[in-house]
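# Summary of structural features
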Amino acid sequence: MRVLHIGMVIFGAYWGTANAEVSIVPHPVELTRTRGGFTLTPHTNITVDSAFKDKMLGTMLAGYLSPSTGFPFSQVKTGGTIQIKKIRPTKLLGTEGYRLSVTRKQIIIESPTRAGAFYGLQTLRQLLPPEIFASSKQEGVLWTIPCMDIVDYPRFQWRGLLMDVSRHFMDLDYIKRFIDQLALHKLNTLHWHLCDNPAWRIEIKSYPKLTSEGSSKSRTINYGKPMFYTQEQIREVVQYAADRQINIVPEIEIPGHSGAAIRAYPEFGARDEQGKLGDVFNIRDETITALKTILDEVIELFPSSYIHCGGDEVWHTWVWEVDAESKAKAQRLGLEGAHNIQTWLMNEMGSYLESKGRRMVGWGEIAGEKLNTNIVVMAWRKGGETGVSSAKKRFDVVMAPEKYTYFDRRQARDEEGYTKAVLTTEEVYAFNPAFPHALTSAEAQHILGVQGQLWSEKIPTGKRMDYMAYPRACALAEIGWSPQERRSYKNFQKRLETHLYRLDQLKVNYRPVSVK
Ligand code: ACM
């Protein structure tokens, strides 16, 4: 025992910082430590394989490492001490995986794809002392990484967060910061909830009143002033996100939650017996043509293969049976009952998107026998049961259940949230989107992934958005990325201590874990 103990002391001294804790969030698939460490110096430089046709990866890496180290990290054509290499595709690494090797002399990140290389960069940042995330030069830090080999790739292809900008508008600077943080956690989808009853936030040139009328008369914090994103701003955000491997899925709510659009264009709304408008579109030919024109502009702005068309909480579908023109149209189409009318409408929009090479996503309510199976079901009610039943019917599914992923819920009883329900980080972490007790592995192939929701009724500022998102989004990122058998809440909690120190450097206003 004594010999072993002395051995361990020598071992410790010999390895030096190589014994430092490694705390990567989300946890990588495989990590093997080897001898020694690599230390960043003013001479450390970067080579990005020309096959990536993208010098930006190197610029981004330098941008991540320069401010806190004060080193330049210049890019060199060949032989850099940090190398980002493109390799042949492998089944294991897929479209987002990478290998990272740290030796005493070199760091090599290898991937068949830009996405994988980018995730290699995110891991590399997290291997350095947390001070690397500071925005100004840090004195007295030894920038050493323990030597190791990592093989890493995601469990799910859809790893998202929903940001609701209808209830409360978020400015471009905040959205970019938010995207930076998604990237750090290897999340790849921003579901942008751009319109709802309080406000319409996306400029549509064919229907200018959507924003001139529909973005202002709302209970938003910017009450009385049109607050929306111009098409130019949207392009800027889409590009900013794409540079960080994040796909933005825009949501245009159809046919419910459409109060803002109906305020702007009353002719789109279904009317009740008293002639009153609510928040549901009618199904007149002209309205459907208008919705397709709106989607045309949305498609132009967003390269995403998925376009979200809402479909949730259409409380007032009965209006289709009293709204004269909707009623006549339903009869003409031989559609009986509100649910059939909605299914027809979602299929109509889904087919339109499909004809443009896109796929529609809709909330769980749209699921049913007659729904076009090309449409993706986003399961939100309760624990995600609709997602399970839809996957069994061969629908692709994104799991977004309120029980585990509604981050508008408070994190403790005495905090503010949209509902009384509490959702802790530990409860989020416990979620397994593959439902192994309910789905066969073939059925589970239909689970595209997982998403957290930041509905913003009670989230007036970016600071509050941070508070509601983190650290729960760290848990969500790990659900989406790390193999189930690698996940342990205890181990996550330990890594989170270091990780929150990183978020401190990034000035993310997360909820401290010490608060009970
Ligand atoms: C939802 O929460 N209505 C999707």
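The structure presented is a predicted model; accordingly, all values stated were derived computationally and were not measured.

### A short note on the overall build of the chain
- When its secondary structure is counted, the chain shows 18 helices and 16 strands.
- A compact globule built from 516 residues should have a C-alpha radius of gyration of about 24 Å, and the chain, at 25 Å, falls within 12% of that.
- Principal-axis analysis of the C-alpha atoms places the extent of the chain at approximately 90 × 50 × 45 Å.
- Of all 516 residues assigned to the chain, the portion counted as buried reaches 61%.
- Restricting to contacts in the chain with at least 6 residues of sequence separation, those with at least 24 account for 72%.

### Description of the pattern of salt bridges
- This model, assessed by the stated rule, comprises 23 salt bridges.
- Two residues, Asp285 and Lys329, come together in a salt bridge whose shortest N-O distance is 2.7 Å. Taken together, the residues Asp285 in helix H8 (residues 285-301) and Lys329 in helix H10 (residues 324-333) connect sequence positions 44 residues apart.
- You can call Asp285 partly exposed: its relative accessible area is 39%.
- What makes Lys329 buried here is its relative accessible area of 6%.
- Here Arg511 makes a salt bridge to Glu415, at a shortest N to O gap of 2.8 Å. Here Arg511 is found in the segment after helix H18 (489-505), whereas its partner Glu415 is found in the loop between helix H13 (402-405) and helix H14 (425-429), with 96 residues between them in sequence. A single burial state applies to Arg511 and to Glu415, both of which are buried.
- Through salt bridges with shared partners, a single network forms among Asp164, Arg167, Asp196 and Glu457.

### Details of the nonpolar core
- Met163, Trp192, Trp200, Ile202, Tyr229, Phe302 and Trp320 are the most contacted members of the largest nonpolar core, which totals 148 residues.
- Sequence-distant contacts of Trp192, that is, excluding residues within four places in its chain, are made with Met163, Val165, Ile175, Tyr229, Ile234, Val237, Ile248, Val249, Pro250, Glu251 and Phe302.
- Trp158, Val361, Ala400 and Trp455 belong to the second largest nonpolar core, which has 14 residues in total.

### So, helix H11 (residues 338-355)
- For H11, built from 18 residues, the straight-helix expectation of 26 Å at 1.5 Å per residue is met to within 8% by its first-to-last C-alpha distance of 26 Å.
- If you check which residues of H11 are buried, you get Ala338, Ile341, Gln342, Thr343, Trp344, Leu345, Met346, Asn347, Met349, Gly350, Tyr352 and Leu353.
- Each element contacted by the buried residues of H11 is listed here: H8, strand E12 (306-308), helix H9 (319-322), H10 and strand E13 (359-363).
- Just beyond H11, the residue with positive phi is Gly357, at close to 80°.

### Let's talk about the confidence of the model for the chain
- On average, residues of the chain carry a pLDDT of 93, and 93% of them reach 70 or more.
- The model gives residues 1-18 a pLDDT under 50, and that stretch makes twelve contacts with residues more than four places away or in other chains.

### Examining the environment of Asp196
- Summarising the element assignment, Asp196 is placed in the loop between strand E8 (189-193) and helix H5 (209-212).
- Among all residues touching Asp196, those that are not within four sequence positions of it are Ser166, Arg167, Glu253, His257 and Ala260.
- Looking at Asp196, its side chain comes within polar contact range of the side chain of His193, at 2.6 Å.

### With respect to the environment of Pro72
- Of note, Pro72 is situated in the loop between helix H2 (56-69) and strand E3 (82-86).
- Residues Pro72 and Ser514, spaced 442 residues apart in sequence, show a C-alpha to C-alpha distance of 38 Å.
- Contacts of Pro72, omitting those with residues within four sequence positions, involve Pro42, Ala62 and Ser66.

### Side note on the pairing of E3
- Judged from the three bridges that link them, strand E2 (residues 46-48) and E3 form a sheet pairing that is parallel. Along E3, the bridge assignment pairs Val48 with Ile84.
- With H2 bridging E2 and its parallel neighbour E3, the resulting β-α-β unit is left-handed.
- Summarising the sheet, E3 and strand E5 (residues 107-111) pair through five bridges and their orientation is parallel. The partner of Lys85 across the bridge, within E5, is Glu110.

Criteria and cut-off values
Residues numbered from 1 in each chain as written. Predicted model: local features only at pLDDT ≥ 70, side-chain atom pairs only at ≥ 80, totals over all residues. Heavy atoms only, no water. Helix = DSSP H or I, 4+ residues; strand = E, 2+ residues; numbered from the N terminus. Rg over C-alpha atoms; globule rule 2.2 N^0.38 Å. Buried < 20%, exposed > 50% of the residue type's maximum accessible area, 1.4 Å probe, protein only. Contact = heavy atoms within 4.5 Å. Salt bridge = Lys/Arg side-chain N within 4 Å of Asp/Glu carboxyl O. Core = buried A, V, L, I, M, F, W, Y, C linked by side-chain atoms within 4.5 Å. Expected span 1.5 Å × (residues − 1). pLDDT = per-residue confidence, 0-100. Polar contact = N/O pair within 3.5 Å; in protein donor to acceptor, adjacent residues only side chain to side chain. Pairing = 2+ DSSP bridges. Right-handed = clockwise from strand over helix to strand, strands pointing away.

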